[in-house]
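What the coordinates show
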Amino acid sequence: MSAVLFAGTVVFAQSPRQEFLLEKGWKFTRTDGEYTGIAYDDTRWENVTVPHDWAIYGPFDANNDAQVVAITQNFERMASLKTGRTGGLPYVGTGWYRLKFDVPGFAEGKAAELLFDGAMSYAKVYVNGKYVGEWPYGYNSFHFDITDFVNKDGKDNTLAVRLENLPESSRWYPGAGLYRNVHLIVTDKVHIPVWGTQVICSNISEKSAAVNIRISAEGADKVTTEIVARNGKVVSSSSKFSKETAVFEQNLIVKKPELWSPEDPALYKAVTSVFKGGKLVDKYSTTFGIRTIELIPDKGFFLNGKSRKFQGVCNHHDLGPLGSAINEAALRHQLTLLKDMGCDAIRTSHNMPAPELVRLCDEMGLMMMVEPFDEWDIRKCRNGYHLLFDEWAEKDMVNMLHAYRNSASVVFWSIGNEVPSQCDKSGYDTAKFLVDICHREDPTRFTTCGMDQVICVLKNGLASLLDVPGFNYRVHLYQQAYDTLSHKIVLGSETASTISSRGVYKFPVNKTSRVRYEDLQCSSYDLEYCSWSNVPDIDFAMAQDHDWSIGQFVWTGFDYLGEPTPYNLMPNHSSNFGIIDLASIPKDRFYLYRSVWRPDVETLHILPHWTWPGREGEVTPVFVYTNYPSAELFINGVSQGVRTKDVSDEQGRYRLMWNEVKYAPGEVKVVAFDNNGKRVAERTVRTAGDPDHFELKVDRNAIKADGKDLAYVEVSIVDKNGNLCPSDNRLVSFTTEGKGGSYRASANGDPTCLDLFHLPQMHLFNGKLTAIVQASEIAGNVVLKASAEGVRDGSVTIEVK
């Protein structure tokens, strides 16, 4: 018998379709050889569970993918050594995965398909020693029909996958291995193929919506579809008979449709049954939403007839200390934080997303810009996508478009990012090629592109070619773009690139770029940025002051592994761009965005901390981020004056600033006032005493006993009164007790810290870190305990059910 255990089985009632996640029982090696054979002995290989990222376990090393390059999009002209550009982790090289598996219910007249959500990279797939196929691009989903490769009784099959990551193939940490899910799909020979439906909604009003469904079902003679609302009720149905077509088309009406939006992400399911000779042979469910999107020159973007600005972020695909191995609970945790900040959109920079991310955006209500690649046919990296573009670009685009064209959250298809060919004729031709593919496969969504060479694309027509001109930075050129282009709208496809390290504050406080410090950190006064970028205030004002400026996607929502700008040398190995750090702890900037993006929800945040031994009597500016228009600051009970937001001042429009405050130990308090001058809220920060104990705060008190769910535990070191000790960086050790779960990983947000994420210890960074507990498959409690020398332990109990 095969050793594999199937998880995540999906079987529709009275349907022969079965879907399995191939998660357990995998064998893995970092060596290379002839490992495809059925008889090969892999017992000495490592046992792993998929999704699996082989590189995240380290070790960190400056020699891992060290690159001597000039980053031209950052205006560099001379090549220089870059270490840590891809995270300083060992993703380069070859890896093999092998799995023994059965195909349940396989017999004559059945079909079997393997669907890979992503495999990093240059995947070659073998079943029972025979070559099945390959897909080189590591970010894309792909599938192979293995019906003719599996054993006739479906039992004792061998799956082998070879992966190879080339050096200098990425500008950030790509991860390595079978880092996304692998699915086995078992159907009748007559069935709907992977991504075999397309749902298009039109004529949408409060009274009704027309729903057109195209269904690929070669060999079928009848299909029926029921549209099911989120309350479980069937709201429309249709049948179609034909023996002469491989594609069935159905037109249905949904009365009084519930419209999808970030505020109310209503979803429907089209459940399609396929018949052959009067027999049910397949049942397929397509999730979709009903909503309208519209661009009106001079007026902007409209969702369901209502004007709105994109309050979006760009994110790379890694999950911090978990690496690139996909985990739905980790994604949900990220999106929950972003939603709390007021974010309503995600750009999948610069690659196809995991299906779980798109599904969560559908369910949680975040619009999406889905982007395929960072290169076209001209290189940024020596072994980047340009090597694949001519042969694979259309195939990759089609897979992406088919996979996500029914998702309500997807609003934009981006065709690329800051490609080197923006300024020449080939760039225009390539852009047209890609735009045409988008419009051919999905005429219902807008095309855009992240362009940083604004003058070029205005002159050569590339910007005009797109449905929405997307500009990366260059806010000072938005007006020129608006004046030049017939669209009369502009999108900030990538904005800000403000840099900061959580809990780090530098003096004197100045708005500046290209600053570097001996400690290899950046200041959290949120006034430091890069040579090509700007502070957030400029993007806020652009969106608020011009109807035609339809919003932004901030670089980035989270810090990510790789691209350690501005330092670019180890030990720096992760970015400083994030609004939230690598440990999923919000930086001060989180509250600045929240105060602007959620004006009707209270935000009142003070920075910096107020524990500065040795700075007594020195100027220590205090900033307050709040949705309220004014506030009064007190230091040890003495008023420092009232500040009111000033629309004429770049920073004063969004920040309340007391720039001449002198530090004195004790208490800093802010009292906020509403538009009528009424006192409505206050916050206090106090000087910390000696470190005394740990406080542990968990994001969820209960998680699922599925072996995958995660609890994020924020660990803080505090004095006896519970005040954070903001400069404490001691080593913390973790233990767990209980059958409900175990320690998974931790991170502290320090871009220079080389502690390995998976080991049960981590240094604090400015008094905080995050530990992650993973559920087992057994219900019960798990207790996480944090301990360190010189302070009392802390613990938290998590229910696993």
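Located above this text is the structure these notes cover.
Describing the overall build of the chain
- Along its length, the chain carries nine helices and 49 strands.
- Here the C-alpha radius of gyration of the chain, 27 Å, is about what a compact globule of 801 residues would show, namely 28 Å.
- Among the 801 residues that make up the chain, the fraction classed as buried is 62%.
- In the chain, 69% of the contacts between residues at least 6 apart in sequence involve partners at least 24 apart.
- Surface exposure of the chain reaches about 30100 Å², of which carbon and sulfur atoms provide 48%.
- In the chain, which carries 85 positive and 100 negative side-chain charges, the distance between the mean positions of the two groups comes to 4 Å.

Comments concerning the sheet that holds strand β37 (residues 638-644)
- Taken in spatial order, the four strands make up an open sheet running β37-β36-β39-β40, and their pairing is antiparallel. Each end of this open sheet is capped by a strand with a single partner; those strands are β37 and β40 (679-686). Pairwise comparison of adjacent strand axes, ignoring direction, gives a mean angle of 20° for this sheet.
- Looking at chain direction, strand β39 (residues 667-673) and β40 are connected through seven bridges and run antiparallel. Each bridged residue has a counterpart across the sheet, and for F673 the counterpart in β40 is R679.

Comments concerning a nonpolar patch on the surface
- There is a patch of nonpolar side chains on the surface, built from V68, L81 and L569 and spanning about 270 Å² of accessible area.
- For V68, the location among the structural elements is in strand β5 (residues 67-69).

Quick look at the pairing of strand β18 (residues 247-255)
- Because side chains alternate across β18, one face comprises the buried residues F248, Q250, L252 and V254, and the other comprises V247, E249, N251, I253 and K255, none of which is buried.
- The pairing of strand β15 (residues 208-216) with β18 spans nine bridges and is antiparallel. Bridge pairing in β18 places I213 opposite Q250.

What to know about the pattern of salt bridges
- Applying the stated rule across the entire model yields 48 salt bridges.
- Of the charged contacts, one joins R214 and E249 as a salt bridge, the two residues approaching to 3.4 Å between their closest N and O atoms. Here R214, found in strand β15, pairs with E249, found in strand β18; they are 35 residues apart in sequence, far enough to count as distant.
- For R214, a relative accessible area of 36% translates into the label partly exposed.
- As a salt-bridge pair, D545 and R653 come within 2.7 Å of each other at their nearest N and O atoms. On the criterion of sequence distance, the pair formed by D545 in helix α8 (residues 536-545) and R653 in the loop between β37 and β38 (656-658) is long-range, its members being 108 residues apart.
- We classify D545 as partly exposed; its relative accessible area is 45%.
- Through salt bridges with shared partners, a single ionic network connects R171, D374, K380 and E563.

Examining the side chain of T158
- As for its position among the elements, T158 is in strand β12 (residues 157-165).
- Residue classification places T158 among the buried positions, given a relative accessible area of 1%.
- Of note is the side chain of T158, whose polar atom sits 2.8 Å from the side chain of K100.
- In this view, T158 contacts G37, I38, R98, L99, K100, F101, Y126, V127 and N128; residues no more than four positions away in its chain are not counted.

Points about the packing of helix α3 (residues 389-404) against helix α4 (residues 425-441)
- Relative to each other, α3 and α4 sit at 30°, their axes nearing to 10 Å. Here α3 is positioned roughly parallel relative to α4, judged by the angle of their axes. Here the hand of the crossing between α3 and α4 comes out right-handed. Contact residues: F389, A393, E394, M397, V398, L401 and H402 in α3; T430, F433, L434, I437, C438, R440 and E441 in α4.
- Residue composition of the contact of α3 with α4, by class: nine nonpolar, two polar and three charged.

Some remarks on α4
- The terminal C-alpha atoms of α4 lie 25 Å apart, and with 17 residues this matches the ideal 24 Å at 1.5 Å per residue to within 8%.
- Of the positions making up α4, those classed as buried are G427, T430, A431, L434, V435, I437, C438 and E441. Projected onto a plane normal to the axis of α4, the buried residues spread over an arc of 155° and lie on a single side.
- On its buried face, α4 is in contact with β14 (197-202), α3, β27 (410-417), β28 (446-451) and α6 (462-465).

What to know about the packing of α8 against helix α9 (residues 588-597)
- As a packed pair, α8 and α9 sit with axes 11 Å apart at the nearest point and diverge in direction by 10°. What the angle tells us is that α8 and α9 run roughly parallel. Between α8, through P536, F540 and Q544, and α9, the contact on the second element is made entirely by R589, L592, Y593, V596 and W597.
- By residue class, the composition of the contact of α8 with α9 is six nonpolar, one polar and one charged.

A few points about unusual backbone geometry
- Cis rather than trans, the peptide bond between S349 and H350 has omega equal to -10°.
- Note that H350 resides in the loop between β25 (345-348) and α2 (355-364).
- That bond from T565 to P566 is cis: its omega, 10°, falls within 30 degrees of zero.
- Within the fold, P566 resides in the loop between β33 (549-555) and α9.

Things to note about the packing of aromatic side chains
- Counted by the stated rule, this structure contains 42 aromatic pairs.
- With a centroid separation of 4.9 Å and an interplanar angle of 10°, the aromatic rings of F116 and F142 are classed as stacked. Within this pair, whereas F116 is found in strand β8 (residues 110-116), its partner F142 is found in strand β11 (residues 142-145), the two being separated by 26 residues in sequence.
- Its relative accessible area of 0% is what places F116 among the buried residues.
- Taking the centre distance of 6.5 Å and the plane angle of 50° together, the rings of Y137 and F373 count as tilted. Taken together, the residues span a long stretch of sequence, with Y137 in the loop between β10 (130-135) and β11 and F373 in the loop between β26 (367-370) and α3 at a distance of 236 residues. Each of the two residues, Y137 as well as F373, counts as buried.
- Three or more aromatic residues joined by ring pairs form one cluster here, namely Y35, Y40, W45, W96, Y126 and Y131.
- Here the guanidinium or amino end of K395 rests over the ring plane of W392, the centre of that ring lying 4.3 Å away.

Thoughts on the sheet that holds β27
- The sheet built from eight strands closes into a barrel, its strands ordered β24-β25-β26-β27-β28-β29-β30-β33 with parallel pairing. Each strand axis lies, on average, 25° off the axis of its neighbour in the sheet, ignoring direction.
- Across the sheet, α3 lies against β26 and β27, angled at about 165° from β27, the strand it touches most.
- The strands touched by α9 within the sheet are β24 (310-315), β30 (490-496) and β33, with β33 carrying the most contacts at an inclination of about 160°.

Considerations on a negative patch on the surface
- Together, E134, D377, D390, E391 and D424 give the surface a local cluster of negative charge.
- As for its position among the elements, D390 is in helix α3.
- D390 sits in the exposed class, given a relative accessible area of 73%.

Things to note about the environment of G790
- Mapped onto the secondary structure, G790 falls in the loop between β48 (780-787) and β49 (794-800).
- For G790, a relative accessible area of 73% gives the class exposed.
- If near-sequence neighbours (up to four positions away) are discounted, G790 is found in contact with P691 and R730.

A few points about the environment of V211
- Take V211: it is sitting in strand β15.
- In this structure the C-alpha to C-alpha distance between V211 and V254, which are 43 residues apart in sequence, comes to 7.2 Å.

Conventions adopted
- Residues numbered from 1 in each chain as written.
- Predicted model: local features only at pLDDT ≥ 70, side-chain atom pairs only at ≥ 80, totals over all residues.
- Heavy atoms only, no water.
- Helix = DSSP H or I, 4+ residues; strand = E, 2+ residues; numbered from the N terminus.
- Rg over C-alpha atoms; globule rule 2.2 N^0.38 Å.
- Buried < 20%, exposed > 50% of the residue type's maximum accessible area, 1.4 Å probe, protein only.
- Contact = heavy atoms within 4.5 Å.
- Areas by Shrake-Rupley, 256 points an atom, 1.4 Å probe, with all protein chains shown as cover.
- Lys, Arg positive; Asp, Glu negative; His and termini not counted.
- Charge placed at Lys NZ, Arg CZ, Asp CG, Glu CD.
- Pairing = 2+ DSSP bridges.
- Axes fitted to C-alpha atoms, helices over the stretch in contact; angles between N-to-C directions.
- Patch = residues over 30% accessible without salt bridge, like charges linked within 9 Å, V, L, I, M, F, W, Y side chains within 5 Å.
- Salt bridge = Lys/Arg side-chain N within 4 Å of Asp/Glu carboxyl O.
- Polar contact = N/O pair within 3.5 Å; in protein donor to acceptor, adjacent residues only side chain to side chain.
- Parallel < 35°, antiparallel > 145°, perpendicular 65-115°, else oblique.
- Left-handed = near helix turned anticlockwise from the far one by under 90°.
- Nonpolar A, V, L, I, M, F, W, Y, C, P; charged D, E, K, R; others polar.
- Expected span 1.5 Å × (residues − 1).
- Arc of directions from axis to C-beta.
- Phe/Tyr/Trp six-rings, centres within 6.5 Å; stacked < 30°, edge-to-face > 60°.
- Lys NZ or Arg CZ within 6 Å of the ring centre and 35° of its normal.

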